[in-house]
Amino acid sequence: QVQLVESGGGLVQAGGSLRLSCAASGLTFTSSAMGWFRQAPGKEREFVSASTWSGSMTRYADSVKGRFTISRDNAKNAVYLQMNSLKPEDTALYYCAASARGWDSFEYWGQGTQVTVSS
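No experiment lies behind these values; they were computed from the predicted model shown.

Okay, the nonpolar core next. Note that soluble globular proteins tend to have their nonpolar side chains buried in a common cluster. Among the nonpolar cores identified, the biggest contains 26 residues, and Met 34, Trp 36, Phe 68, Leu 81, Met 83 and Tyr 94 are the most heavily contacted of them. Within the second largest apolar cluster, six residues are counted, among which are Phe 37, Ala 50, Ala 97 and Phe 106.

Here Met 83 lies in strand 8 (residues 78-83). Distance from Met 83 to Leu 20, taken between C-alpha atoms, is 7.8 Å for residues 63 residues apart in sequence. Apart from the residues within four sequence positions on either side, Met 83 is in contact with Gly 16, Ser 17, Leu 18, Leu 20, Arg 67, Phe 68, Tyr 94 and Val 115.

Inspection of every chain in the model, using the stated rule, returns three aromatic pairs. Geometrically, the ring pair formed by Phe 37 and Phe 47 is edge-to-face, given 5.6 Å between the ring centres and 75 degrees between the ring planes. Residue Phe 37 is found in strand 4 (residues 33-39), and its partner Phe 47 is found in strand 5 (residues 46-51); the two are separated by ten residues along the sequence. For Phe 37, a relative accessible area of 12% corresponds to the buried category. With relative accessibility at 24%, the residue Phe 47 sits in the partly exposed group. One cation-aromatic arrangement involves Arg 59 over Phe 47; the distance from NZ or CZ to the ring centre is 4.9 Å.

A complete count under the given rule lists six salt bridges for this structure. With a closest N to O distance of 3.2 Å, Lys 65 and Asp 62 form a salt bridge. Residue Asp 62 is classed as exposed on the basis of its relative accessible area, which comes to 63%. Via salt bridges that share partners, Arg 38, Glu 46, Arg 67 and Asp 90 belong to a single interconnected network.

Glancing now at the pairing of strand 8. Most of strand 8 sits inside the fold, with five of its six residues counted as buried. Note that strand 7 (residues 68-73) and strand 8 share six bridges and pair antiparallel. Pairing of Thr 69 across the sheet is with Gln 82, part of strand 8. If you look at the hairpin formed by strand 7 and strand 8, you'll find four residues sitting between the two strands, and Asn 77 has a positive phi there, around 50 degrees.

Here is what the cut-offs are and how they apply
- Residues numbered from 1 in each chain as written.
- Predicted model: local features only at pLDDT ≥ 70, side-chain atom pairs only at ≥ 80, totals over all residues.
- Heavy atoms only, no water.
- Core = buried A, V, L, I, M, F, W, Y, C linked by side-chain atoms within 4.5 Å.
- Buried < 20%, exposed > 50% of the residue type's maximum accessible area, 1.4 Å probe, protein only.
- Helix = DSSP H or I, 4+ residues; strand = E, 2+ residues; numbered from the N terminus.
- Contact = heavy atoms within 4.5 Å.
- Phe/Tyr/Trp six-rings, centres within 6.5 Å; stacked < 30°, edge-to-face > 60°.
- Lys NZ or Arg CZ within 6 Å of the ring centre and 35° of its normal.
- Salt bridge = Lys/Arg side-chain N within 4 Å of Asp/Glu carboxyl O.
- Pairing = 2+ DSSP bridges.

Here it is as structure tokens:
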């Protein structure tokens, strides 16, 4: 059974930083693409960032480019999202996702961790 458990969310002032973590189990992590998505109240879930299985390729939503960095530690079955220069519009529930089929679609999802950025 695949489990993705996010942590690291919280309340931060605009301009601050947070680092989200996602611990994965029940899947072959070293061959899985990993991603981060977010959903703000009243809005649809949107893509934030993704990494190939090796971490050699990453991609980002335009809204977070230059501020967020995805990384992974395959020895720990973990993926991270470093979020800097946070803005109130980054407030959302952040989800970790995994895919054994590449980074165009994700079949496994965590429960989410809340990030709230105050102005």
